[in-house]
Amino acid sequence: MDYNPVKIETKWQGYWDTNSSHEPSNDFTKEKKYILSMFPYPSGKIHMGHVRNYSISDAIARNYRKLGFNVLHPIGWDSFGMPAENAAIKNRVHPKKWTYENIDYMKKELNALGLSFSKTREFATSDELYTKHEQHIFIEMFKKGLVYQKSSTLNWCETCHTVLANEQVEEGCCWRCDNEVEQREMPGYYLKITDYAQELLDDCKQLEKGWPKQVLTMQENWIGRSEGLEFDFLLSDESREKLGNKFLKYSVFTTRADTIFGVTYTALAPEHEIVKYLCQNKLISDDKIAKIKEMQAVSSRDRAQNEKEGIALDIDVIHPLTGKKVPVWVANFVLIEYGGGAVMAVPAHDERDFEFATKYDLPIIQSIENEKNSFDESKATTDYGKLVNSGKYTGMSSKKAQKSIIYDFEKDGLGKKVINFKLRDWGISRQRYWGAPIPMIHCKKCGLVPEAIENLPVALPEDVQISGEGNPLDSHPTWKHTTCPVCQGKATRETDTMDTFFQSSWYFMRYTTDKSMWEDKVFDKKSSDYWMNVDQYVGGIEHAILHLLYARFFTKVLRDMGYSSVDEPFENLLTQGMVLKDGAKMSKSKGNTVDPDAIIQKYGADTARLFILFAAPPQKELEWNDSAVEGAYKFIKKFSDRSQNASIVSELPKIEHDKLSKESQLARKKVYEALKKSNDVFTEGYAFNTLIASCMEALNALSSQEDKSVWTEGYFILANILEPIIPHTCWEISENLFGLKNFYKIEILQEVFESSSMTLPITINGKRRCEIEVSKESSKEEIFSLAKRSASKWIDGKNIIKEIYVPNKLVNLVVK
RNA sequence: GCCCGAGUGGUGAAACUGGUAAACACGUUGGAUUCAAAAUCCAAUGACUUCACGGUCUUGUCGGUUCGAGUCCGACCUCGGGUACCA
């Protein structure tokens, strides 16, 4: 059979379309599998990362379909976002036109890969119907008290009059006009994800079976729960006066109450109220005020990378236990968002505090003693130990002292035990056009009110100028003027749009519902109860924290609003590595991209799919290699060509194993090993590369023998195993030889693995020297004596100190 | 800076719970076939060393545990992902 990829791929893609081969059934009595890839952003053309993502999920979906499951494997488009606006700024194309043209183009590209997506449930998140339901969800969240407004610091470009995303800031300057970016306080909408912090943390436990450990660790660290002591530092009398009696105290949070006697200074964030007051009223030198302004101008991520810096504020607080005065500093490493924006500093037992104290020559007082790490002045010792120099707590262990100090603080009303999370509420406001409008209305009389449900969607106006300056929704002549849904008076719309993570936090639930119900329902409860959870979610490791955490959060919120019954959206998660070329991520700017279309045209979709799954395990980074693609093509061609050695049958041939030649027996063993591998690969780890290697070994072994029924059995099984990976080729072979009757769960035949003898390697002092052939029934003594005879060359004249036999594995003789 | 990973031949990689390092491929070299080429088939291929049998070394670096370490422990180096307004 001549291998002609273009011909067979067009043929089978047409066949699958005509027969709706990949649509899920609405028969909810069947066993289901929901296989999902993270949906793409329609950037213009698909890239190798997409090919990888969808080849993986497609293999999984096809495998389950073959095993008889009702499979949902949908696709859609994460189609709001900045690139569409950037394209509009650069090329004066309307974001909507640009986006939907990209979708059309990329849809064709995906289709050419032979991906078994359900085509009837496709949508784009920028569709007005999607926006309508999304705004409904937002309003329900608002009514539940999960949405609130507050101010926070954002990147602002004064010349463009716009907020900049972190990505649009290049070395502190605006990407468009190169003007210096400032940090500006602006109001925005926030979602109370912190209300779910504890549950999001706790439920990591139930994900341990199906999620990579590293992702859960990242999520746990991100949520960052810690228990500790919150207490107040009272300002000294002079300092209080200096601050015009506006402030009496401020609170700090510490997880190391046991080190409290080691406090030698305290530090405030540059945005702290007291710091602001000092600056505004010029209570410190102009020099210092200028330095503080400089600190405030640096974004928090840059601050973390910069050297620790601080300024003495010339005020003191009173240590709550010693009564001594402690100086107050402002420091760039103290974050306003966490722990009240103030810390107690213990340079002896905290690395950051130590670095800072050394730089500014602040005292270092030891308060913990550790036997293993003797205290020295050159570094902080952060280990637990016994308290010293700590008043009545001296001699206690760190653990005991923490409890005891917290107890005393609570008893004396000086402080309390608190649980703190690093996780912050989710700011969803974006001052951009190409997003879902936040459906809120500002009314002079009624205040902030949600749009009436019957008026949804609040759609985007199409007649806008996108120049990169200002917010197009704000500057639109009429769009924002509306009537208040409560009092019917004049009012204005909110002009912020939503973060695109909002759309990707619930799209997977939308797919569960049949398109016929999409107009009226956001999801159909019966359908989502049947299809959720996603049995296998596949996507890039770069989403390990944000997207996955937001999606988990939404799932819990939607559950609490009665839309679904699940606590967690994704049962199993596979995080794929990136596709690299010349050691770097493929990107247009680096000019190292490989166009999937060109590969498909030259070699066919099956080659692209085989290469990408063979080159590396899915979780690992994948280095692109042109000649290896050629190799993948050769294998498919060989597999296709040699199919003429098999006969036309409609079921597995019966073979008498004992009557076969050694080569034929080995070939059968290799074929069944590949089948076994296939079962293993799809149940744990998805190491398709090793499955493909097994298939190659099997084909090599088949080629070294001549028995026709062994060939036939081999192809019946190999075409079955490889179908998820190179579907077009396998359907073609299967149609020609087996009338498409070989796609089902084939049972493993144990007899091909049975053998009476085994080969054992002999190692001397752990080094492999020779091997012996022994019967499986041999005793340990027999094995040792045979081993010694075979290895005599290496052990003669030496003493055998130890003899080790690892059953069925090896023999090790320790000699001297 | 902080959190999470990765590092094995010329290249992509394999090695289940500590037990034969380099399976399967790519590349390279040699050979067969061919007028020639493509395609295909066969063989060799970690490094050093030896005429050869063989020997020595080798999983980023250094150290440790063990009869035995790519795998476990400790320190370090390099690269990658995330870092809350890229998606």
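Residues numbered from 1 in each chain as written. Chains lettered and ligands numbered in written order. Predicted model: local features only at pLDDT ≥ 70, side-chain atom pairs only at ≥ 80, totals over all residues. Heavy atoms only, no water.

### Thoughts on the overall build of chain A
Here's step 1: If you tally the helices and strands in chain A, you get 27 helices and 32 strands.
Here's step 2: Taken along its principal axes, the extent of the C-alpha atoms in chain A is 100 × 85 × 50 Å.
Here's step 3: Counting across all 816 residues of chain A, residues that qualify as buried make up 53%.
Here's step 4: Contacts in chain A between residues far apart in sequence, at least 24 positions, make up 72% of those at least 6 positions apart.
Here's step 5: Total accessible area on chain A stands at roughly 37600 Å², and carbon and sulfur atoms take up 48% of it.
Here's step 6: Side chains of chain A carry 107 positive and 116 negative charges; the gap between the two charge centres is 2 Å. (Helix = DSSP H or I, 4+ residues; strand = E, 2+ residues; numbered from the N terminus. Buried < 20%, exposed > 50% of the residue type's maximum accessible area, 1.4 Å probe, protein only. Contact = heavy atoms within 4.5 Å. Areas by Shrake-Rupley, 256 points an atom, 1.4 Å probe, with all protein chains shown as cover. Lys, Arg positive; Asp, Glu negative; His and termini not counted. Charge placed at Lys NZ, Arg CZ, Asp CG, Glu CD.)

### Some details on the pairing of strand β11 (residues 310–318)
Here's step 1: Taken together, the 2 bridges between strand β8 (residues 226–235) and β11 define a ladder with antiparallel strand orientation. Bridging across to β11, leucine 234 finds its partner in isoleucine 318.
Here's step 2: For β11 and strand β12 (residues 325–331), the ladder comprises 6 bridges, and the chain directions are antiparallel. Residue isoleucine 311 lies in a different strand from β12, and its bridge partner there is valine 330.
Here's step 3: With antiparallel pairing between neighbouring strands as the criterion, β11 and β12 make up a hairpin whose turn holds 6 residues, including glycine 323 at a positive phi of roughly 75 degrees. (Pairing = 2+ DSSP bridges.)

### Quick word on the protein's contact with RNA strand B
Here's step 1: Taken together, 63 residues surround RNA strand B, and among them Arg301, Arg432, Ala615, Arg768 and Asn812 come closest.
Here's step 2: Within 4 Å of the protein, the atoms of RNA strand B are drawn from sugar and phosphate moieties in a proportion of 62%.
Here's step 3: At 2.6 Å, a side-chain N or O of arginine 642 approaches a phosphate oxygen of RNA strand B.
Here's step 4: Ranked by the residues each element gives to the surface near RNA strand B, the list is headed by helix α23 (residues 688–703), at 6 residues.
Here's step 5: Considered class by class, the residues forming the surface near RNA strand B number 26 nonpolar, 18 polar and 19 charged. (Near = heavy atom within 4 Å. Polar contact = N/O pair within 3.5 Å; in protein donor to acceptor, adjacent residues only side chain to side chain. Nonpolar A, V, L, I, M, F, W, Y, C, P; charged D, E, K, R; others polar.)

### Focus on the nonpolar core
Here's step 1: With 88 residues, the main nonpolar core has Met48, Ile60, Phe639, Phe688, Tyr715 and Ile725 as its most contacted residues.
Here's step 2: Counting contributing residues, this core receives three or more from each of domain 1 (28–125 + 205–216 + 504–634) and domain 4 (646–752). (Core = buried A, V, L, I, M, F, W, Y, C linked by side-chain atoms within 4.5 Å. Domains from an automatic or database assignment.)

### What about a negative patch on the surface?
Here's step 1: Taken together, the side chains of Glu167, Glu170, Glu171 and Asp178 define an acidic patch exposed on the protein surface.
Here's step 2: For glutamate 167, a relative accessible area of 66% corresponds to the exposed category. (Patch = residues over 30% accessible without salt bridge, like charges linked within 9 Å, V, L, I, M, F, W, Y side chains within 5 Å. Salt bridge = Lys/Arg side-chain N within 4 Å of Asp/Glu carboxyl O.)

### Here we look at the pattern of salt bridges
Here's step 1: Counted under the stated rule, the structure contains 50 salt bridges.
Here's step 2: The partner of lysine 96 in a salt bridge is glutamate 462, and the shortest N-O contact between them spans 2.6 Å. Note that lysine 96 is positioned in helix α4 (residues 95–112) and glutamate 462 in the loop between β20 (447–450) and α14 (472–475), a separation of 366 residues in sequence.
Here's step 3: The residue lysine 525 makes a salt bridge to aspartate 529 at a minimum N-O spacing of 3.4 Å. Separated by 4 residues within a single helix, lysine 525 and aspartate 529 lie in helix α17 (residues 525–531), roughly one turn from each other.
Here's step 4: Taking relative accessible area as the criterion, lysine 525 reaches 34% and is therefore assigned partly exposed.
Here's step 5: Take aspartate 529: its relative accessible area is 37%, and that puts it in the partly exposed class.

### Describing the packing of helix α20 (residues 605–614) against α23
Here's step 1: Relative to each other, α20 and α23 sit at 110 degrees, their axes nearing to 7 Å. Between α20 and α23, the crossing angle belongs to the class labelled roughly perpendicular. For the pair formed by α20 and α23, the contact residues are Leu610, Leu613 and Phe614 on the first element and Phe688, Asn689, Ile692, Ala693 and Met696 on the second.
Here's step 2: Its residues assigned to classes, the contact of α20 with α23 shows 7 nonpolar, 1 polar and no charged. (Axes fitted to C-alpha atoms, helices over the stretch in contact; angles between N-to-C directions. Parallel < 35°, antiparallel > 145°, perpendicular 65-115°, else oblique.)

### What about the side chain of histidine 50?
Here's step 1: Tracing the backbone shows histidine 50 in helix α2 (residues 48–66).
Here's step 2: The class of histidine 50 is buried, set by a relative accessible area of 8%.
Here's step 3: Ignoring sequence-local partners within four residues, the contact set of histidine 50 consists of Pro40, Lys45 and Met106.

### Thoughts on the domain arrangement of chain A
Here's step 1: Segmentation of chain A into domains returns domain 1 (28–125 + 205–216 + 504–634), domain 2 (139–154 + 161–166 + 179–192 + 426–500), domain 3 (226–420), domain 4 (646–752) and domain 5 (755–815).
Here's step 2: Each of domain 1 and domain 5 has a C-alpha centre, and the two are 52 Å apart.

### So, the sheet that holds strand β31 (residues 800–806)
Here's step 1: Strand order in the open sheet formed by 4 strands is β30-β29-β32-β31, with mixed pairing between adjacent strands. Edge positions in the sheet fall to β30 (767–775) and β31, since each has one partner strand and no second. On average, each strand axis in the sheet is inclined to that of its neighbour by 20 degrees, with strand direction left out of account.
Here's step 2: As paired strands, β31 and strand β32 (residues 810–815) are joined by 6 bridges and run antiparallel to one another. Across the sheet, residue lysine 802 finds its bridge partner in β32, namely valine 814.
Here's step 3: Taken strand by strand, helix α26 (residues 780–790) contacts β29 (757–764), β30, β31 and β32, and its axis lies near 130 degrees from that of β30.

### Some points on the pairing of strand β13 (residues 342–345)
Two faces make up the sheet, and in a regular strand the side chains alternate between them.
Here's step 1: By the alternation rule, side chains of β13 split into Ala342 and Met344 and Val343 and Ala345, which are all buried.
Here's step 2: Bridge analysis of strand β10 (residues 265–268) against β13 gives 4 bridges, and the strand direction is antiparallel. Residue pairing in the sheet places alanine 267 in a bridge with valine 343 of β13.

### Regarding the packing of helix α21 (residues 626–641) against helix α25 (residues 727–738)
Here's step 1: Contact geometry of α21 with α25 gives a least axis separation of 11 Å together with a crossing angle of 5 degrees. In this view, α21 runs roughly parallel relative to α25, as classed from their interaxial angle. Every residue of α25 that contacts α21 at Ile636, Phe639 and Ser640 is listed here: Thr729, Cys730 and Ile733.
Here's step 2: Here the residues of the contact of α21 with α25 are counted per class, giving 4 nonpolar, 2 polar and no charged.

### Concerning the sheet that holds β20
Here's step 1: Strand order in the open sheet formed by 4 strands is β20-β19-β22-β21, with antiparallel pairing between adjacent strands. The strands lining the two open edges of the sheet, one partner per strand, are β20 and β21 (481–483). Strand-to-strand, the axes of this sheet are offset by a mean angle of 40 degrees, without reference to chain direction.
Here's step 2: Examined bridge by bridge, β21 and strand β22 (residues 490–493) share 3 bridges and lie antiparallel to one another. Each residue of the ladder has a partner; that of threonine 482, found in β22, is alanine 491.
Here's step 3: Contacts from helix α5 (residues 128–143) reach β19 (440–443) and β20 within the one sheet, and its direction differs from that of β20 by about 130 degrees.

### Focus on the environment of alanine 605
Here's step 1: Positionally, alanine 605 belongs in helix α20.
Here's step 2: Considering only alpha carbons, one finds alanine 605 and proline 727, 122 residues apart in sequence, at a separation of 9.3 Å.
Here's step 3: The residues touching alanine 605, leaving out its near neighbours within four places in the chain, are Glu9, Ala112, Leu113, Ile600 and His728.

### Description of unusual backbone geometry
Here's step 1: Cis geometry is adopted by the peptide bond preceding proline 457, which originates at leucine 456 and carries an omega value of 0 degrees.
Here's step 2: Among the structural elements, proline 457 can be located in the loop between β20 and α14.
Here's step 3: Between methionine 532 and the following residue, asparagine 533, the backbone shows a cis peptide bond with an omega angle of 5 degrees.
Here's step 4: Relative to the assigned elements, asparagine 533 resides in the loop between α17 and β24 (536–540).

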